[in-house]
Amino acid sequence: MPASLSPTKTAAALRTSARVCVELLLVLVTVSVALWLLGRMWSVVWPLIVGLFLTTLTWPLAGFLRRRGWPPALAASVVTVAFLLAATGIVALIAVPVSSQSGELAEGAVEGIQRVREWAAGPPLNIGDDQITSAFDTAVAQLQDGIGSMLTAVVTGVSTVVNGVVTAFLALFLMFFFLKDGPRFLPWLSRQLPGRLATDVPVVAARSWETLGAFVRSQAFVGLIDAVLIGIGLWILDVPLVLPLAVLTFVSAFVPIVGALFAGLVAVLIALVSNGLTDALIVLAIIVGVQQLEGNVFQPMIQSRGLGLHAAVVLLAVTLGGSLAGIVGSLLAVPAAALIAVVWNYLRDQLTDPPAATPPPAEPHPHAPTPPHAAATDESLPATATAP
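Residues numbered from 1 in each chain as written. Predicted model: local features only at pLDDT ≥ 70, side-chain atom pairs only at ≥ 80, totals over all residues. Heavy atoms only, no water.

*Asks:* I'd love a proper account of the overall build of the protein chain, names of residues and values included.
*Replies:* Along the protein chain, the regular secondary structure elements total 13 helices and zero strands. Helices (α) and strands (β) of the protein chain occur, in sequence order from the N terminus, as α-α-α-α-α-α-α-α-α-α-α-α-α. Here the protein chain holds 388 residues, and 25% of them are scored as buried. For the protein chain, the share of sequence-separated contacts (at least 6 apart) that also reach a separation of at least 24 residues comes to 70%. (Helix = DSSP H or I, 4+ residues; strand = E, 2+ residues; numbered from the N terminus. Buried < 20%, exposed > 50% of the residue type's maximum accessible area, 1.4 Å probe, protein only. Contact = heavy atoms within 4.5 Å.)

*Asks:* Residue-level account of the confidence of the model for the protein chain, with values.
*Replies:* Scored by pLDDT, the protein chain comes out at a mean of 75, with 68% of its residues at no less than 70. Contacts of residues 153–158 to residues separated by more than four positions or lying in other chains number zero contacts, the stretch itself having pLDDT below 50. Across residues 373–388, where pLDDT falls below 50, the model places one contact with residues more than four positions away in sequence or in other chains. (pLDDT = per-residue confidence, 0-100.)

*Asks:* Report on the pattern of salt bridges, specifying residues and quantitative values.
*Replies:* For side chains bearing opposite charge, pairing can occur when the charged atoms are close. Inspection of the entire model under this criterion finds four salt bridges. Of the charged contacts in the structure, one is a salt bridge between Arg19 and Glu23, with a shortest N-O distance of 3.5 Å. One end of the pair, Arg19, and the other, Glu23, are both in helix α1 (residues 7–40), four residues apart, so they sit about a helical turn from each other. Residue Arg19 is classed as partly exposed on the basis of its relative accessible area, which comes to 46%. (Salt bridge = Lys/Arg side-chain N within 4 Å of Asp/Glu carboxyl O.)

*Asks:* Describe in detail unusual backbone geometry, supporting the description with residues and values.
*Replies:* Look at Asp238: it is not a glycine, yet its phi comes out positive at around 60°. Tracing the backbone shows Asp238 in the loop between α8 (197–236) and α9 (242–252).

*Asks:* Mind laying out the side chain of Thr55, listing which residues take part and the relevant values?
*Replies:* Within the element layout of this structure, Thr55 appears in helix α2 (residues 42–67). Leave out the neighbours within four places in its chain, and Thr55 touches Met175, Phe178, Leu179 and Trp209.

*Asks:* An account of a nonpolar patch on the surface is requested, with residue identities and associated values reported.
*Replies:* A surface patch of nonpolar side chains, about 790 Å² in accessible area, is lined by Phe221, Leu224, Val228, Leu229, Ile232, Trp235, Ile236 and Leu293. Here the nonpolar patch gets seven residues from one element, more than from any other, and that element is α8. The residue Ile236 is located in helix α8 in this model. Owing to a relative accessible area of 60%, Ile236 belongs among the exposed residues under this scheme. (Patch = residues over 30% accessible without salt bridge, like charges linked within 9 Å, V, L, I, M, F, W, Y side chains within 5 Å. Areas by Shrake-Rupley, 256 points an atom, 1.4 Å probe, with all protein chains shown as cover.)

*Asks:* Could you give me a rundown of the nonpolar core, with the residues and numbers involved?
*Replies:* Among the nonpolar cores identified, the biggest contains 14 residues, and Leu234, Val239, Leu245, Val283 and Ile287 are the most heavily contacted of them. Contributions of two or more residues to this core are made by α8, α10 (258–275) and α11 (277–302). Contact partners of Val283, with chain neighbours within four places excluded, come to Leu234, Leu237, Val239, Ala267, Val268 and Ala271. Grouped together as the second largest cluster of nonpolar side chains are 11 residues, Phe53, Phe215, Ala220 and Val314 included. (Core = buried A, V, L, I, M, F, W, Y, C linked by side-chain atoms within 4.5 Å.)

*Asks:* Please set out empty space enclosed by the protein residue by residue, giving values where relevant.
*Replies:* Counted according to the given criterion, the structure contains one cavity of 30 Å³ or more. Lining the largest cavity, in full, are Ile230, Thr249, Ala260, Ala263, Gly264, Ala267, Ile287 and Gln291. Among the elements of the structure, α10 and α11 are those that each provide at least two residues to the lining of the largest cavity. (1 Å grid on protein atoms, 1.4 Å probe; cavity = no way out; pocket = protein on both sides within 12 Å on 5 of 7 lines; lining within 4 Å. Points joined across faces, edges and corners; volume = space filled by probe spheres on them.)

*Asks:* How would you explain the packing of α8 against α9 if you had to name every residue and give the values?
*Replies:* Viewed as axis vectors pointing N to C, α8 and α9 meet at an angle of 155°, and their least axial separation amounts to 8 Å. In terms of orientation, α8 lies roughly antiparallel with respect to α9. Where α8 crosses over α9, the handedness of that crossing is right-handed. The segment α8 lies against α9, with Ala220, Gly223, Leu224, Asp226, Ala227, Ile230, Gly231, Leu234 and Trp235 engaging Val242, Leu245, Ala246, Thr249 and Phe250. When grouped by side-chain class, the residues that make up the contact of α8 with α9 number 10 nonpolar, three polar and one charged. (Axes fitted to C-alpha atoms, helices over the stretch in contact; angles between N-to-C directions. Parallel < 35°, antiparallel > 145°, perpendicular 65-115°, else oblique. Left-handed = near helix turned anticlockwise from the far one by under 90°. Nonpolar A, V, L, I, M, F, W, Y, C, P; charged D, E, K, R; others polar.)

*Asks:* Before we move on, can you summarise the packing of aromatic side chains with the specific residues and values?
*Replies:* Counted according to the given criterion, the structure contains three aromatic pairs. Both rings, one in Trp42 and one in Trp46, keep their centres 5.7 Å apart while their planes meet at 15°; by these two values the pair is stacked. With a gap of four residues between them, Trp42 and Trp46 both fall in helix α2, about one helical turn apart. Both rings, one in Phe185 and one in Trp188, keep their centres 6.0 Å apart while their planes meet at 35°; by these two values the pair is tilted. Of this pair, Phe185 and Trp188 both sit in helix α7 (residues 185–192), separated by three residues, roughly a single helical turn. Exposure remark for Phe185: the relative accessible area of 42% places this residue in the partly exposed category. (Phe/Tyr/Trp six-rings, centres within 6.5 Å; stacked < 30°, edge-to-face > 60°.)

If you want it as structure tokens, here you go:
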């Protein structure tokens, strides 16, 4: 006779499943509300995040000055001014080559388009000039029809630039205050929280700060190595815009996996337009070689302790962040995943029962009789074993 399901166990399993589903639904609703509030306050949250990133990058220098006896305000001011000068110099180093070589790139782009046109006219495509001209006229007509949307896009772009400038200034001010008063934050936070939160929240905040700092500094160092090696390769091949491409490689390193692909694609396209197919293939080989060297040598050495995230988790986090919030989401995906891992590890440690203590072995009683096998063992030892 086949065994039948137990009504009691089935009902208990259904009740447990329903309870778990309701709890998960409540958690998802809470997370959704938190993300909605975060989006509503994004104009304040985004400068705060950028300020934290900049602070983790510049804190080693500020801490060095403070340990040498500099007042906190003076150390923070010097580091902020130095960072501002460095950022301005980098922008100038990018803008000058781009403006000086823009005409050369335009001519190369026209030549590249002509090459593509000649290739398309031959086998196996055999696309005639009349078809290309018709497609071009259609594109121009669509462009003229969409002039209104273009103007809207220009206005939106200007607004985005203005918001970016405001965000940069707010982030710089926040970085100054973080560098000046950062060590006072955790004691102040501990005094504001009741009960056990006064201990748990500062501990999680300190671990999160360490993880964020390790991520930013390690990514900056890895990006610097990539930029130098790839920049040397581009310089040897006489590819234009070497310095802007090197800076783009450095900045793209803060978006793991996806950033390297984007920077490499831009470098290969510029090499193809300006130098031809052979140099473009050489640039592609250089970029692939540097990325392999980074992934297998540099990153494991620099991030020896790591973020505790598997490469698959990093790739999924970047993909999800990009689909939810574009470039900003891709930039923040890996740090957010690392901070979530920090919180989860702390909660897991707090919710795990400590291992049961193993009782020490019982000491034999001093007047207990010697076991027969022990006495036999002692008698079987040679006399030389007890000699001094």
